[in-house]
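Coordinates in review
Single-letter residue listing:
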Amino acid sequence: MLNRVRSAVAHLVSSGGAPPPRPKSPDLPNSTSAPPADPPQAPRSPPARAGSGSAAPARTVESRASFCRPTFLQLSPGGLRRADDHAGRAVQSPPDTGRRLPWSTGYAEVINSGKSRHNEDQACCEVVYVEGRRSVSGAPREPSRGQGLCFYYWGLFDGHAGGRAAEMASRLLHRHIREQLKDLVEILQDPSPPPLCLPSTPGAPGSSDSSHLVGPQSCWSSQKEVTHESLVVGAIENAFQFMDEQMARERHGHQVEGGCCALVVVYLLGKVYVANAEPSLSGMEKSFQCPGSSPRRLSASVSRCLAYKKIELEDLRFPLVCGEGKKARMMATIGVTRGLGDHNLRVCSSTLPIKPFLSSFPEVRVYDLTQYEHCPDDVLVLGTDGLWDVTSDCEVAATVDRVLSAYEPNDPSRYTALAQALVLGARGTPRDRGWRLPNNKLGSGDDISVFVIPLGGPGSYS
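Residues numbered from 1 in each chain as written. Predicted model: local features only at pLDDT ≥ 70, side-chain atom pairs only at ≥ 80, totals over all residues. Heavy atoms only, no water.

- Within an unreviewed UniProt entry, the label attached to the protein reads Protein phosphatase 1J isoform X3, and the organism entered is Tursiops truncatus.

**Quick look at the overall build of the protein**
- When you go through the protein residue by residue, the secondary structure sums to nine helices and 17 strands.
- Across the 462 residues in the protein, those meeting the buried criterion constitute 42%.
- Of the contacts formed within the protein by residues at least 6 apart in sequence, a portion of 69% connects residues at least 24 apart. (Helix = DSSP H or I, 4+ residues; strand = E, 2+ residues; numbered from the N terminus. Buried < 20%, exposed > 50% of the residue type's maximum accessible area, 1.4 Å probe, protein only. Contact = heavy atoms within 4.5 Å.)

**Notes on the packing of aromatic side chains**
- Across all of its chains, the model carries nine aromatic pairs by this definition.
- Here tryptophan 103 and tryptophan 154 contribute two aromatic rings whose centre-to-centre distance is 5.2 Å and whose plane-to-plane angle is 65°, an arrangement assigned as edge-to-face. Of this pair, tryptophan 103 sits in the loop between α3 (77–83) and β1 (106–110) while tryptophan 154 sits in strand β3 (residues 149–160), and the two are 51 residues apart along the sequence.
- An angle of 20° between the planes, with centres 6.4 Å apart, marks the rings of tyrosine 152 and tryptophan 154 as stacked. For the pair formed by tyrosine 152 and tryptophan 154, the shared burial category is buried. (Phe/Tyr/Trp six-rings, centres within 6.5 Å; stacked < 30°, edge-to-face > 60°.)

**Details of the sheet that holds β1**
- Within the open sheet, the three strands sit side by side as β1-β17-β14. Their pairing is antiparallel. Each edge of the sheet is formed by a strand with only one pairing partner; in this case those strands are β1 and β14 (379–383). Within this sheet the neighbouring strands show an average axis-to-axis angle of 10°, counted without direction.
- In this structure, β1 lies alongside strand β17 (residues 448–454), joined through five bridges in antiparallel fashion. Looking at β17, one finds that tyrosine 107 is bridged to phenylalanine 451. (Pairing = 2+ DSSP bridges. Axes fitted to C-alpha atoms, helices over the stretch in contact; angles between N-to-C directions.)

**Remarks on the pattern of salt bridges**
- Counted under the stated rule, the structure contains eight salt bridges.
- A salt bridge links lysine 115 to aspartate 446; its shortest N-O distance comes to 3.3 Å. With a gap of 331 residues between them, lysine 115 in the loop between β1 and β2 (121–130) and aspartate 446 in the loop between β16 (434–436) and β17 connect regions that are remote in the sequence. (Salt bridge = Lys/Arg side-chain N within 4 Å of Asp/Glu carboxyl O.)

**Description of the confidence of the model for the protein**
- Across the protein, pLDDT averages 76, with 66% of residues at or above 70.
- Segment residues 1–27 is flagged for pLDDT under 50; beyond a separation of four residues in sequence, or across chains, it makes 20 contacts in the model.
- Here residues 46–65 is a poorly scored stretch, pLDDT under 50, and it has 20 contacts once near neighbours within four places are set aside; other chains count. (pLDDT = per-residue confidence, 0-100.)

**Observations concerning the packing of helix α8 (residues 393–404) against helix α9 (residues 414–427)**
- It is the contact of α8 with α9, at a shortest axis distance of 10 Å, that shows an interaxial angle of 140°. As the angle between them shows, α8 and α9 are arranged oblique. Both α8 and α9 take part in a crossing whose hand is right-handed. Contacts from Val396, Thr399, Val400, Val403 and Leu404 of α8 reach α9 at Arg414, Tyr415, Ala417, Leu418, Ala421 and Leu422.
- Partitioning the contact of α8 with α9 into residue classes produces nine nonpolar, one polar and one charged. (Parallel < 35°, antiparallel > 145°, perpendicular 65-115°, else oblique. Left-handed = near helix turned anticlockwise from the far one by under 90°. Nonpolar A, V, L, I, M, F, W, Y, C, P; charged D, E, K, R; others polar.)

Next comes the structure, spelled out in structure tokens:
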């Protein structure tokens, strides 16, 4: 009887109590702060809800409520349930009606075949306005709408050990990039070479004196030249680091478990910046020095003789990366070397944190669109590993030629059709032994997300 009373009281408290407040992000302004306890509506499609007569346990309802997809898909509750169906694996794309994505970008995605409970990929596509924070001399000034910059932003985030890290990064990473660019607005608009350094704090003693700026030809060699391009690259790199630090701070309050890989494209002032924080095990060094180790004796049986060898320094090294290809694992634990999150992850069978070996620092490559002429068939394809695991570059190029040739050059829907074709080609069709490609090889059982970005930019294909 007492146990039943206790259970009833616990149920009453758990169902009627308000959720604890979530901490705010201390390093971002209000527009980039972490969301309140209620699920945000702007960044995501509405979460799926259990039926009115459902008696599902609380854990199932909570998991379902946390499932969300990109807002630009404009999914209804019914559409969200179809997007979460592992058996049907229906391809999702933005509707033909309504506003199109910037540059008529194409997008398509499909859920995995049962690898995880929900789709752990996330995507973001935004046009972001950046207001300058201060003048080149460091003197504070009022923000002016006429002196800002706009950048175009695309991001794909592939979550692992849950989708919370990918969802958080899709909401906030572009805002961190905006914060990092605020100090560079006036410099990027000035065609003259930028200074080597800026005053650290607006309004600090001497900050309004332009003599405190180091000129571009002062003491550094030409190899250390600071360019507008390098400043933007640095802003993107810093944004990734701050995003990772925010995940570390808020992982408990927001239940941000696991981590995610990130693929981000920024178009600013005629240049495309592609930032990768993705799996890259092949180029990793194969060994590292084990700290705190000391020489010891090792015995082994060789040809019926007992051999002893004194351990030298080289013998204390053990592989940092084990396995090959998709089976490669860093520290025998995780299949990526770059990414965001994973602050709680420990090395397999130890208490050693994996984070010191997992970098949030992205590799950034720059492509100058102004140096080339582009036609409507020139596109940039972004995809999560659900696409690239089963599709080669040549196969993607063949699909691009085949699909785009079937549409008029000025038809904006051609890029969505191309994204859908790429996703369908990687997913395959359901058969008795799973999802199969036309050659009867296994299709991708992973989440698949694809952006197709026309390289001509806005208004170029009219």
